[in-house]
Amino acid sequence: MDTLFELKIKKSARSSSSSSSPPTDWASLPEELLELILHHINQLSEYLRFAAVCKPWLLAANHQRDHRQREIHKQVVPMLLIHSPDQKTEAKEAWDYRRRLYSVTENKIHSRLELRVPYRRRCCGSSHGWLATVNEEDLGITLLNPFSGRTLSLPKVNRTISIPPRDILQNMNMTLKRLFCHVGIPLRMNLWLFQFIVCAVLWPTSNQAAANIGLT
Amino acid sequence: MASSIENNNEKLTLKSSDGEEFLVEKHVALQSTLLQNMLDSDCSSADVIPLPKIDARTLALVLGYCKKHADASSSKQGELNSFDSEFLKDMDMGALFNLVLAANFMEIKGLLDIAAQKIADTIKDKPHQEVREIFHVENDYTPEEEAAVREENRWAFEGFP
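Residues numbered from 1 in each chain as written. Chains lettered and ligands numbered in written order. Predicted model: local features only at pLDDT ≥ 70, side-chain atom pairs only at ≥ 80, totals over all residues. Heavy atoms only, no water.

1. As for the overall build of chain B
Each helix and strand in chain B was counted, giving 9 helices and 3 strands. Starting at the N terminus, the α and β elements of chain B follow one another as α-β-β-α-α-β-α-α-α-α-α-α. Per-residue burial over chain B gives 47% buried out of 161 residues. Approximately 7,900 Å² of chain B is accessible, and the part contributed by carbon and sulfur atoms is 50%. (Helix = DSSP H or I, 4+ residues; strand = E, 2+ residues; numbered from the N terminus. Buried < 20%, exposed > 50% of the residue type's maximum accessible area, 1.4 Å probe, protein only. Areas by Shrake-Rupley, 256 points an atom, 1.4 Å probe, with all protein chains shown as cover.)

Listed below in structure tokens is the structure:
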């Protein structure tokens, strides 16, 4: 490398070979820099382990968790829930099957982690780590977070309506709007005053749909 | 390259926190948004621009990066990429720490990005206990708190001590 710049004044006494550089405090790195580092972390598991290093890192991770996890969720291929091999026959209760996680991208079974996922309910979708399960008998929708075990049952205000099949297939927005109307929420109401969870279960074969709406 | 010869006539002096002065060509200094803004707003009329947060060793590294990027034409992107990957390769964590703070202070986006990438790569695939050791971060969790953080996302710690 050629000479990059000229030193006008030399403080020759101290050559800058200070291998014992002043103490560095990575925990106190400005949050904007911690966030920048987090931007270069793409695996959700790495992100979560980053937060376990120390509290300032946890804070930085939490502060941008919502939008960042959403980004990661978009990029990351979801993990698959698979059977635990030893549970097939000896499950105490039919619905108490245990599952493991299989990461497609890492080609790895998280073998020591077992999640309990009720078997008697149909899983009709997932979002942000939550599974939406539906009870076929009463159409009740329960959200289940298999990691935390938390469940959230939506109030049973479901209505069943008939929808032309082409609506379901061609225009999901239209279908949702119809569901809103049928359940009685005027679309122009001040929706931002409340936070809603809306779940719709569609049966394309019977042209039927049910909507559950809950205030959070 | 004609334009850079012209620019070479203009130089400015930067002073590190430990008092060393660096005579830098203007087009090299322009890699830093901070210095660019100072030059634009004519704050540079002072003889010497002090950089009180950056020591000489770090400033020399930063200016080395700026010089390389300022002199390379856009056709040499491949060469710049390999320069970038070599630049931080064997840097110790203390130097990297000072460098990332300096890049942030001087607003040198490219340098900031490769430094953040380097740090993220160092963290990846390592148990968080080892990350603490590498970065000399004190564990400020109580055992109970740490257990709770792990328990909440048990799957992410699968296969890690």
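2. Notes on the overall build of chain A
When you go through chain A residue by residue, the secondary structure sums to 6 helices and 11 strands. For chain A, buried positions account for 36% of its 216 residues. Within chain A, contacts between residues at least 6 apart in sequence are counted, and of these 38% link residues at least 24 apart. Total accessible area computed for chain A in this model is approximately 13,500 Å², and 52% of it derives from carbon and sulfur atoms. (Contact = heavy atoms within 4.5 Å.)

3. Notes on the confidence of the model for chain A
Residues and elements named next belong to chain A. Across chain A, the average pLDDT comes to 65, with 46% of residues at 70 or higher. Across residues 6–21 the pLDDT falls below 50, and counting only partners more than four positions away or on other chains, this stretch makes 21 contacts in the model. Every residue in residues 181–195 is under pLDDT 50, and counting partners more than four places away or in other chains gives 19 contacts. (pLDDT = per-residue confidence, 0-100.)

4. Re the pattern of salt bridges
Residue and element names in this part refer to chain B. In this structure the tally under the stated criterion is 10 salt bridges over all chains. Notably, a salt bridge pairs aspartate 121 with lysine 124, separated by 3.4 Å at the nearest N-O pair. A residue is classified by how much of its surface remains accessible, and aspartate 121, at 40% relative accessible area, is partly exposed. Overlapping salt bridges bring together Glu25, Lys67 and Asp71 as one network. (Salt bridge = Lys/Arg side-chain N within 4 Å of Asp/Glu carboxyl O.)

5. Some thoughts on the packing of helix H7 (residues 109–123) of chain B against helix H8 (residues 128–135) of chain B
Residue and element names in this part refer to chain B. Closest axis-to-axis distance for the H7/H8 pair is 10 Å, and the angle between their directions is 135 degrees. Judged by the inter-axis angle, H7 sits oblique to H8. Between H7 and H8, the contacting residues are Ile119, Thr122 and Ile123 on the first element and Val131, Ile134 and Phe135 on the second. By residue class, the composition of the contact of H7 with H8 is 5 nonpolar, 1 polar and no charged. (Axes fitted to C-alpha atoms, helices over the stretch in contact; angles between N-to-C directions. Parallel < 35°, antiparallel > 145°, perpendicular 65-115°, else oblique. Nonpolar A, V, L, I, M, F, W, Y, C, P; charged D, E, K, R; others polar.)

6. Brief notes about the environment of lysine 108 of chain A
Looking at the element boundaries, lysine 108 of chain A is found in strand E4 (residues 108–116). A residue is classified by how much of its surface remains accessible, and lysine 108 of chain A, at 29% relative accessible area, is partly exposed. The spacing of lysine 108 of chain A and methionine 79 of chain A is 29 residues in sequence and 9.9 Å in space, taken between C-alpha atoms. Residues in contact with lysine 108 of chain A, not counting those within four places in the same chain, are Leu101, Tyr102 and Ser103 of chain A together with Glu158 of chain B.

7. What to know about the packing of helix H1 (residues 31–39) of chain A against H7 of chain B
Axis separation between H1 of chain A and H7 of chain B bottoms out at 8 Å; the angle between their running directions is 70 degrees. As the angle between them shows, H1 of chain A and H7 of chain B are arranged roughly perpendicular. Once H1 of chain A is placed against H7 of chain B, the crossing between them reads as right-handed. Judged by residue contacts, Leu33, Leu36 and Ile37 of chain A of H1 of chain A engage Leu112, Asp113, Ala116, Ile119, Ala120 and Ile123 of chain B from H7 of chain B. (Left-handed = near helix turned anticlockwise from the far one by under 90°.)

8. Notes on the packing of aromatic side chains
Per the counting criterion, the structure on display carries 7 aromatic pairs over all chains. Ring geometry for tryptophan 26 of chain A and phenylalanine 135 of chain B: centres 4.8 Å apart, planes at 85 degrees, overall edge-to-face. A residue pair is termed interchain when its members come from two chains, as with tryptophan 26 of chain A in the loop between strand E1 (6–7) and H1 and phenylalanine 135 of chain B in helix H8. A single burial state applies to tryptophan 26 of chain A and to phenylalanine 135 of chain B, both of which are buried. One aromatic cluster in this structure is built from Trp26, Phe50 and Trp57 of chain A together with Phe97 and Phe135 of chain B. (Phe/Tyr/Trp six-rings, centres within 6.5 Å; stacked < 30°, edge-to-face > 60°.)

9. Comments concerning the interface of chain A and chain B
One frequently used descriptor of interface size is the decrease in accessible area upon assembly of the parts. In this complex, chain A contributes 46 residues to the contact, which on the side of chain B involves 50 residues. Between chain A and chain B, a total of about 4,800 Å² is buried, with carbon and sulfur atoms accounting for 64% of that surface. The shortest N-O distance in the salt bridge between glutamate 145 of chain B and lysine 55 of chain A comes to 3.0 Å. Counting residues per element, the ones that place at least two in the side of chain A that touches chain B are E1, H1, helix H2 (44–51), helix H3 (55–63) and E4 of chain A. The biggest single contributor to the side of chain A that touches chain B is H2 of chain A, with 7 residues. Class assignment for the residues of the side of chain A that touches chain B results in 26 nonpolar, 8 polar and 12 charged. (Buried area = accessible area lost by both parts, 1.4 Å probe.)

10. Quick notes on the UniProt feature "domain: F-box" (unreviewed entry) in chain A
Here the UniProt feature "domain: F-box" (unreviewed entry) sits at residues 26–63 of chain A. Each end of residues 26–63 of chain A is marked by a C-alpha atom, and these two atoms are 18 Å apart; helix forms 68% of the span and strand 0%. (UniProt positions renumbered as here; feature names shortened; annotations may be inferred.)

11. With respect to the nonpolar core
Core analysis: the largest hydrophobic core is formed by 59 residues, its most contacted members being Trp26, Phe50 and Trp57 of chain A together with Leu14, Leu111 and Phe135 of chain B. No other element matches helix H6 (residues 93–106) of chain B, which puts 9 residues into this core. Counting residues in hydrophobic clusters, the runner-up holds 11 residues, among them Leu101 of chain A together with Val149, Trp155 and Phe157 of chain B. (Core = buried A, V, L, I, M, F, W, Y, C linked by side-chain atoms within 4.5 Å.)

12. Quick word on the confidence of the model for chain B
Parts of the prediction with low pLDDT should not have their coordinates interpreted in detail. Residues and elements named next belong to chain B. Mean pLDDT over chain B: 86, with 90% of residues reaching 70 or higher. Across residues 1–8, where pLDDT falls below 50, the model places 5 contacts with residues more than four positions away in sequence or in other chains. Across the interfaces of the predicted complex, the ipTM metric reaches 0.86, alongside a pTM of 0.62.

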